[in-house]
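Each chain, written out:
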Amino acid sequence: MEFNEYLKELGDGSVRLGVADLKRLSGLTPDRADEFARAWPGIDVRRRRRVVQELFDLAEDNVDLDFDAVFLRGLEDDDADVRVASIRGLWEHEGTDLIPPLLQILKCDDSPSVRAEAALALGRFVLLAEFGRLREHYFAEVVAGLRRVLDDPREMQEVRARAVEAVGPHDSAWVRQAISE
């Protein structure tokens, strides 16, 4: 079956979702990722939620599967549940290309649960910096975004808590103060 036919089948709610077939979404080439991105918004929201959850489960069971293109597209989804699952699905993605979208989500997303998940996901970049595996300017961006959340008394408690958790490994006076507060 051609990829575009598979995408039509994926979007057809009357067709049973074959979990094994979802492996076709692993390691998408840029062209196929673009094709997927065009088809994704036309899929029913309940189906999109199920797809990202199944992909997350598959990736946890098999580290050779790479659904990053799907999860990166999911960061822009209209549905908060899809965005949360997509952020979680990117748990192994350490590329600095993920920092700007996570910071944007942390700053602007309407859903506190999505913002909280973005804050938590930024924690991996704090750890990378602590291990000397992230350039300083990326680290500065991440810390500035997390600190902005911590300094905002209007931000939801859950989001602020996840920001503290994310920045916790960084040893500085303001982080120790945030933890003690």
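Residues numbered from 1 in each chain as written. Predicted model: local features only at pLDDT ≥ 70, side-chain atom pairs only at ≥ 80, totals over all residues. Heavy atoms only, no water.

Caption draft 1: Focus on the overall build of the protein. Along its length, the protein carries 10 helices and zero strands. Secondary structure of the protein in N-to-C order comes out as α-α-α-α-α-α-α-α-α-α. Relative to the globule expectation of 16 Å for 181 residues, the C-alpha radius of gyration of the protein, 18 Å, shows essentially globular dimensions. Along the longest, intermediate and shortest principal axes, the C-alpha atoms of the protein span 60 × 35 × 25 Å. (Helix = DSSP H or I, 4+ residues; strand = E, 2+ residues; numbered from the N terminus. Rg over C-alpha atoms; globule rule 2.2 N^0.38 Å.)

Caption draft 2: Representation of the environment of Ala 20 within the structure. Within the secondary structure, Ala 20 sits in the loop between helix H1 (3–11) and helix H2 (30–39). In the structure, Ala 20 is positioned 35 residues away from Leu 55 in sequence and 9.9 Å away in space, judged by C-alpha atoms.

Caption draft 3: View of the pattern of salt bridges. On inspection of all chains with the given rule, the structure shows 14 salt bridges. Here Glu 94 makes a salt bridge to Arg 133, at a shortest N to O gap of 2.9 Å. With a gap of 39 residues between them, Glu 94 in the loop between helix H5 (80–89) and helix H6 (99–108) and Arg 133 in the loop between helix H7 (112–130) and helix H8 (136–150) connect regions that are remote in the sequence. Glu 94 gets classed as partly exposed once you look at its relative accessible area, which sits at 40%. Assessed through its relative accessible area of 55%, Arg 133 is described here as exposed. The partner of Asp 152 in a salt bridge is Arg 154, and the shortest N-O contact between them spans 3.2 Å. A residue is classified by how much of its surface remains accessible, and Asp 152, at 21% relative accessible area, is partly exposed. (Salt bridge = Lys/Arg side-chain N within 4 Å of Asp/Glu carboxyl O. Buried < 20%, exposed > 50% of the residue type's maximum accessible area, 1.4 Å probe, protein only.)

Caption draft 4: Inspection of the packing of H8 against helix H9 (residues 157–167) at higher detail. H9 packs onto H8 with a crossing angle of 145 degrees between their chain directions and a minimal axis gap of 9 Å. Read as a crossing pair, H8 and H9 show a hand that is left-handed. Two secondary-structure elements touch here, H8 through Leu 146, Val 149 and Leu 150 and H9 through Val 159, Arg 160, Ala 163, Val 164, Ala 166 and Val 167. A class-by-class count of the residues in the contact of H8 with H9 yields eight nonpolar, no polar and one charged. (Axes fitted to C-alpha atoms, helices over the stretch in contact; angles between N-to-C directions. Left-handed = near helix turned anticlockwise from the far one by under 90°. Contact = heavy atoms within 4.5 Å. Nonpolar A, V, L, I, M, F, W, Y, C, P; charged D, E, K, R; others polar.)

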